[in-house]
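Understanding the architecture of this molecule
For reference, the chains in residue letters:
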Amino acid sequence: MGNVPGDLKYTREHEWAKRDGDRVRVGITDFAQEQLGDVVFVELPKVGAKVVAHQAFGVVESVKAVSDLFAPISGEILETNAELPQKPETVNKDPYGKGWMIVVKPSNPAELEQLLTSQQYEEFVAQGGGH
Amino acid sequence: MSGYDKLVFELSSPGRVGFSLPESDVPGPPVAELLPKKFLRGAAAGLPEVSEFDVVRHYSRLSRMNYGVDTHFYPLGSCTMKYNPKINEDMARVPGFARLHPLTRAEDAQGALRLMLDLAQMLAEIAGMDAVSLQPAAGAQGEFAGVLMIRAYHASRGEKRTKVLIPDSAHGTNPASTAIAGYEVVEVKSLPNGEVDVEALAGAVGPDVAAFMITVPNTLGMFEPRIMEITEICHAKGVQVYMDGANLNAILGITRPGDLGFDVCHFNLHKTFTTPHGGGGPGAGPVGIKAHLEPFLPTPVVVKDGDTYTLDWKRPKSIGKLQAFWGNFGMLVRAYTYIRTMGADGLRSVSDNAVLNANYIMKRLEADYDVSVPGPCMHECVLSARRQKKQGVAATDIAKRLLDLGFYAPSTYFPLIVEEALMIEPTETESKETLDQFCDAMIQIAREAKDNPAIATSAPVTTPVRRLDQTRAAREPNLTWTPRG
Amino acid sequence: MASRYIANTVAEQREMLRTVGASSIEDLLVKIPPKARLSRPLALPPALAEGELVRHMRELAARNADADRYACFQGAGSYDHYVPSPINHLISRGEFFTAYTPYQPEASQGTLRTIYEYQTMIAELTGMDVANASIYDGASSLAEAALMAHSVTERTEIVLARGVNPLYRRVVATYCDGPAIRLRDVPAPQGVLEADGGAKLVGKKTAALVIQSPNFYGCLEDIAAAAEIAHAAGALLIVVADPVNLGVLEAPGRLGADIVVGEGQGLGVPMSFGGPNLGVFAAKNELVRRMPGRLVGATVDRDGQRGFVLTLQTREQHIRRAKATSNICTNVALCALMATIYMATLGKQGLRRVGELSAAKAHYAADQLSKVAGVSLRFSAPFFKEFTLRLPKSPSSVVAKLARKRILPGVPLKTYDRALADCLLVAVTEQRTRDEIDAYVAALAEAVK
C-alpha cells in the first residue's frame, strides 16, 4: 500500500488533496504510482481550465497502462507542474512532494470534507478497493 | 542466434549502388528543366547507399534475429499461428494475380473477380451467412465495417440506438472499432468462469442498445454454452449480434455463426485461413452478414451478371468504403488456395485437431499451472501463473524463459479477467512431439520457479538482446535513426 | 484422407485422447448445444491435389490482363514500378513472413529493426519527424489523419481539395461518419487548388485542409500556399503524397505539412489487383502521442546493448481500448518490409533515378499523345508521372480497342467526375519503354480516327 501521509485527504480513485488556504494541491498516491509502474507520460489541463469533482482532468501513462486522473474537488486550475512533462518519473519518486500535478482554486470548499481521511483511504485499499 | 547489430544506414558508403536502372530512352530535357524549381527537392533524400549484396546479407542476418512459425512453435492465443503453406505464396505470385492493376476493366479481370466471388461464397457457407464483403484489410476493419452496417440498419428503421455491449474479456479492437463508429461502449462483466452473465445481459439490452459483440469461442477458449439463448434475448429487444471470428479455427464444419443466431461476423484470413502473419500483417478481415444487412455492404460488391463478373457500384445504402480498392486481393488468393486445398472434410479435420491439441496441452499442464476454467477447452486454453507469481515468477518471466528453451511464448496478460494469464493456442498443424516438447519445457519452468526463480526472471539469455528498457523507450522516444545513433 | 498440413495420425489421436481422458473428439465438443451443430458437411468444392490446384489457379490468372503481358499506363494510386529481384527472396524468408507482431521483442529484433529503418526512411522522404509502421493503404491512412486532426484540434470539419483521390475521399467519409465530422470540398476547375476557394472554406471549424500532390489528375499542387491557408485558420495541413516521387519532388514536411499520408505501393509492393497496399503515415513530433499505428523505438537491454521495442503502446487498442487513437492492430508489416528493402536497394541515387525516368517518359508520352488529332492535355498545370488527356472519342471505347493490342492506356475519369467524362488518366513509370509509348501513340491515333 505504500506511504499514506496523515495530513492529506484522499479519493477512491487514488488521488490526494492538500489544502493550503484557498489553494488545493493534487497528485496521485504512492499506492497508485506503484500499481502503474514507471510513469512515462502525464497529460495535464491548461491553467485556467475548469475541473469538476470526480471527473477526469488528465491522464497518467506507464509503459503498459493508462489511467484517467480524477479531480477530488471542483474548481479552476491555478497551476500545473511544469516539471512533469520532462521528468514524468518524479511521480514515481516523490508522489506527495515534487510529483504534485495541479493546484486548484476550489469553487465549493465543502467538497473537501467529503474526501477520505488517510485512515479511510488505508482501509479502502486494504479491502481490495485498489485493483 | 546471431550477434549482429547494424542498421542499413550504418552500412552506407557514398557512391555505392544496389540498383539497376536503364538509361532514359526518350528525348527531352532533364526533370530539373521540366518542372518549376519550387516543386523539386534540393539535395537528394538521405537514403542509404549500399550494394545489392549488402542488402541481401543485412536483411538475411536480421531475419535470423526473429522467431517465426517456420522455425519455432508459436502458441500465441487467438492468433492461430498455424503453418503457412508455401503453395499459397506461389499462387499469390502468379503474374496474372500479382501484376494485375486494380483499375483494369472488369472484362480484363474476370479471373480475379471470379476468385473473389467464389471466395466470398465459400466463406459465407463456412460461417452460415448470406453474403460476405472481402474489402476490410484486417479484423479490426471488419469489426468497424460490421458495426457501421448495424448502425445503418437501425438508422434505416428510424431507430436511434447509442450503445454497444462488449464483454470485459474482449480483444481491444472490439471497443476501439465500436468507439470510432460513433457508439458508446458499455462493458459487460463476465462470470468468474469467463462466460457471459446471461441474466445481466438480459437486463442490459434495451431500446438504446444497437448491438452485442462477442467472441465465440470466447477468449478463455471456451464455447459459450448459452449462446443461442443470448442471440435470442438480443433479437427480442431489436439488438443485433456481432461475432468476432478470431477463434473460428475451433468450429470449422462443427457449428457456424449464422446458425448460432449472429447477424454479422468477421473472418481473420491471417489466422484461420493460413495467410501469413508477416511480422504484423498484411492480413484480411472479410465480414459476413445476414440478408437484412445486405444493402449496407461496403462498395463495390463483386457480382455475377449472366456469365460475367463485375463490380457493382450502385449501392445507395452502402456504409461506404474502407480501402481505396477492393480488398487485400493478394491475401484473398492465399485464402482461396487454402480452402480449395482443404475442402469440407479437411476444414473439419482442422478444427477437430486444433481442439484435441489444445486439450492435450491443458491436460499435461494442469498439475503444474492453474487452469483458469475447467475443461474441455476448444482450440486454446488459458492457464494462470498465479502459483508461480507467488514464487516470484510472473507470466512474463515464463514467456521469456520459453524463448531460451526454443519456443515462442504464448500470449500473456490477455484476457484481462484472468490473473497472470497465459493463453496457449497450439493449432492443428503441430505434431504430438512438438506439443510434448512444449509441455516438458513448461513443466521444467514450473519446477525452476520453485527452486530457482532467478532463472526465469533473468531470462532470456540466449536471444540477441536481453530484456529491454521499455520505460526509457517511452520516456525518451527515439523513433528514427540519426547519424549519432 | 490424411492432410499434409495436419500431423496427427489416427493412432496419435487415440493416444492423445487417452491422455485427455476422452473417448473421441466429439467428447471435447460437449459444450456446444446439439441444436447448434452442423448436421451436414460444409458445401464446398472437393479438395484439390496441389497439381490440380495449380492448373485451376493458372487458368483463372490467364483471364486477367496483367502488366507482364500488357503495357500498363494505368495509375490512380497503383503503379507499375519495377520491383528489384532481392525483395521477393528476402521477404520470403520464413523468419520474416511467418513471424507475428513483435510483442516479445527479444525474439523479434529482425522485424523491429526493419520497422525502425522503415520509419527512418519514410520520415526522411516526407520531411517529417516521425513515421509509423504502416496503415492499410493510402486511403485509410488519410482517414486516420482526418480523425487525428479532429481529435487534436477538437474541430468538426475537414476541407479537401478536389484533387484528392476520390476513392480516398470516400474512405475518409466512411471513417468520419461515426464522429460526425463534416467534409467540405474546394473546387479545382484548372486541375489544382484554387487559393481563394480554399481560403473561403477553411476557417474556425476546420480541423485540417487536405491536399494531394501530385493530385489525382496528375497535377502538382502548391503545398506551401495550402499550408498558409490552413495555418492562418489554426487548422492542420494534411498532404497526400506518393513516396516514390519524393526522390525528386520536394518533401511535404519542408513545405508546411503537419501530417503526410499516402500510398507506398510503388516502393516494391506488387499491384495485386489493389491489395495489400502500404499506407504511409508521418507527422511532426508534437503530434506523436496522438498518432495511430505501431511505433518502434530504440532503447537498451540489461547489458546496455542497443535493442528495439514497440513503444508508446498506450495509444493503441490493446491498452487504450475504446479511447485508443485508432482501432488498428494488424497492419501491413510485410509490405513495409518490401518498401524498406526497396528504399535500401534503390538508395539515395536510385530513387531519384526512378523519379527522373518516370517524369521524363511521362512528359515524352504526354507530348506525343497530345499530338494525335483531337487529343489534348486537359490541364495546363505542371505534372510529374501522370496526366489527364482529353479524347475526341469515349475513353472507355479507347480502352476496349487498345486492350486488343495489349495496351492498358489509362483510367477513364467519367465515374469519378462527370465533367471529365471525355478524359483518360495516363500514368508512365520508368518501366514503360519508348517503343511501348510509341505503340500506344500509334494505337490511339487509330482508335480515335
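In case you missed it, the structure is sitting above this.
All of the points below concern the structure found in this document.

Calculation rules
Residues numbered from 1 in each chain as written. Chains lettered and ligands numbered in written order. Predicted model: local features only at pLDDT ≥ 70, side-chain atom pairs only at ≥ 80, totals over all residues. Heavy atoms only, no water. Helix = DSSP H or I, 4+ residues; strand = E, 2+ residues; numbered from the N terminus. Rg over C-alpha atoms; globule rule 2.2 N^0.38 Å. Contact = heavy atoms within 4.5 Å. Areas by Shrake-Rupley, 256 points an atom, 1.4 Å probe, with all protein chains shown as cover. Lys, Arg positive; Asp, Glu negative; His and termini not counted. Charge placed at Lys NZ, Arg CZ, Asp CG, Glu CD. Buried area = accessible area lost by both parts, 1.4 Å probe. Salt bridge = Lys/Arg side-chain N within 4 Å of Asp/Glu carboxyl O. Polar contact = N/O pair within 3.5 Å; in protein donor to acceptor, adjacent residues only side chain to side chain. Nonpolar A, V, L, I, M, F, W, Y, C, P; charged D, E, K, R; others polar. Buried < 20%, exposed > 50% of the residue type's maximum accessible area, 1.4 Å probe, protein only. Arc of directions from axis to C-beta. Pairing = 2+ DSSP bridges. Axes fitted to C-alpha atoms, helices over the stretch in contact; angles between N-to-C directions. Core = buried A, V, L, I, M, F, W, Y, C linked by side-chain atoms within 4.5 Å. Parallel < 35°, antiparallel > 145°, perpendicular 65-115°, else oblique. Left-handed = near helix turned anticlockwise from the far one by under 90°.

**Quick notes on the overall build of chain A**
Of regular secondary structure, chain A possesses four helices and nine strands. Written out in order from the N terminus, the α and β elements of chain A read β-β-β-α-β-β-β-β-β-α-β-α-α. Here chain A has a C-alpha radius of gyration of 13 Å; the compact-globule value for 131 residues is 14 Å, and the two agree. A separation threshold of at least 6 residues defines the contact pool for chain A, and within that pool the share at least 24 residues apart is 63%. Put simply, chain A shows about 6400 Å² of open surface, and 46% of that area lies on carbon and sulfur atoms. Within chain A, the 20 negative side-chain charges are centred at a point lying 5 Å from the centre of the 13 positive side-chain charges.

**Quick notes on the interface of chain C and chain B**
Counting residues at the interface gives 194 residues for chain C and 205 residues for chain B. Approximately 17200 Å² of surface area, both sides summed, lies buried where chain C meets chain B, with 62% of it carried by carbon and sulfur atoms. Where chain C packs against chain B, one counts 13 salt bridges. Applying the counting rule to chain C against chain B returns 95 residue pairs in polar contact (both at pLDDT 80 or more). Sorting elements by how many residues they give to the side of chain C that touches chain B places helix α12 (residues 333–369) of chain C first, with 24 residues. Of the residues in the side of chain C that touches chain B, the class split is 100 nonpolar, 51 polar and 43 charged.

**Regarding helix α9 (residues 227–236) of chain B**
Residue and element names in this part refer to chain B. Among the residues of α9, those classed as buried are Ile 227, Met 228, Ile 230, Thr 231 and Cys 234. Seen from one end, α9 has its buried residues packed into an arc of 155°, which puts them on one side. Residues Glu 232 and Ala 236 are exposed on α9 and point more than 90 degrees away from its buried face. Elements that come into contact with the buried residues of α9 comprise α8 (198–204), β4 (209–215), β5 (240–244) and α10 (257–260).

**Quick look at the interface of chain A and chain C**
On the chain C side, the residues contacting the 10 residues of chain A number six residues. Carbon and sulfur atoms make up 46% of the surface buried where chain A meets chain C, a total of about 660 Å² over both sides. It is Glu 61, Lys 64 and Val 66 of chain A that lose the most area in chain A upon contact with chain C, and together they represent 51% of the buried surface on that side. If you look at where chain A meets chain C, you find one salt bridge. Between Lys 323 of chain C and Asp 68 of chain A there is a salt bridge whose closest N-O contact spans 2.9 Å. Our count for the contact surface shared by chain A and chain C stands at one residue pair in polar contact (both at pLDDT 80 or more). Residue contributions to the side of chain A that touches chain C peak at three residues, all from strand β6 (residues 56–62) of chain A. Grouping the amino acids of the side of chain A that touches chain C by side-chain chemistry returns six nonpolar, one polar and three charged.

**Thoughts on the sheet that holds strand β7 (residues 66–70) of chain A**
Neighbouring strands of a sheet are bound in pairs by backbone hydrogen bonds; such pairs are parallel or else antiparallel. Residue and element names in this part refer to chain A. Read across the open sheet, the three strands follow the order β4-β6-β7; overall the sheet is antiparallel. Strand pairing shows two members of the sheet lacking a second neighbour, β4 (39–43) and β7, which therefore form its edges. Across the sheet, the mean angle separating the axes of adjacent strands is 25° when strand polarity is ignored. Here β4 runs beside β6; their pairing, made up of four bridges, is antiparallel. In the sheet register, Phe 41 faces β6, and the bridge partner there is Glu 61.

**Remarks on the nonpolar core**
Phe 212, Phe 273 and Leu 365 of chain B together with Ile 158 and Ile 259 of chain C are the most contacted members of the largest nonpolar core, which totals 215 residues. The element that contributes the greatest number of residues to this core is helix α11 (residues 329–365) of chain B, accounting for 19 residues. Sequence-distant contacts of Phe 273 of chain B, defined by excluding residues within four places in its chain, comprise Leu 123, Ile 126, Leu 248, Leu 252, Phe 267, Asn 268, Ala 335, Tyr 338 and Ile 339 of chain B. One finds Val 8 and Leu 47 of chain B together with Leu 220 and Val 354 of chain C within the second-largest nonpolar core, a separate group that totals 83 residues.

**Brief notes about the pairing of strand β7 (residues 259–263) of chain C**
Residue and element names in this part refer to chain C. Along β7, five of the five residues are buried, which leaves the element largely enclosed by surrounding structure. Where β7 meets strand β8 (residues 279–283), five bridges bridge the pair, whose relative direction is antiparallel. Following the sheet pairing, Val 261 is matched in β8 by Phe 281.

**Observations regarding the packing of helix α5 (residues 110–127) of chain B against α11 of chain B**
Residues and elements named next belong to chain B. Between α5 and α11, the shortest axis-to-axis distance is 10 Å and the interhelical angle comes to 45°. When the interaxial angle is binned, α5 and α11 end up oblique. You can see that α5 and α11 cross each other, and the crossing is left-handed. Mapping the contact onto sequence places Ala 112, Leu 115, Met 116, Asp 118, Leu 119, Met 122, Leu 123 and Ile 126 in α5 and Phe 329, Leu 332, Val 333, Ala 335, Tyr 336, Ile 339, Arg 340 and Leu 347 in α11. Residue composition of the contact of α5 with α11, by class: 14 nonpolar, no polar and two charged.

All quantities given are derived from atomic positions and should not be read as evidence of function.
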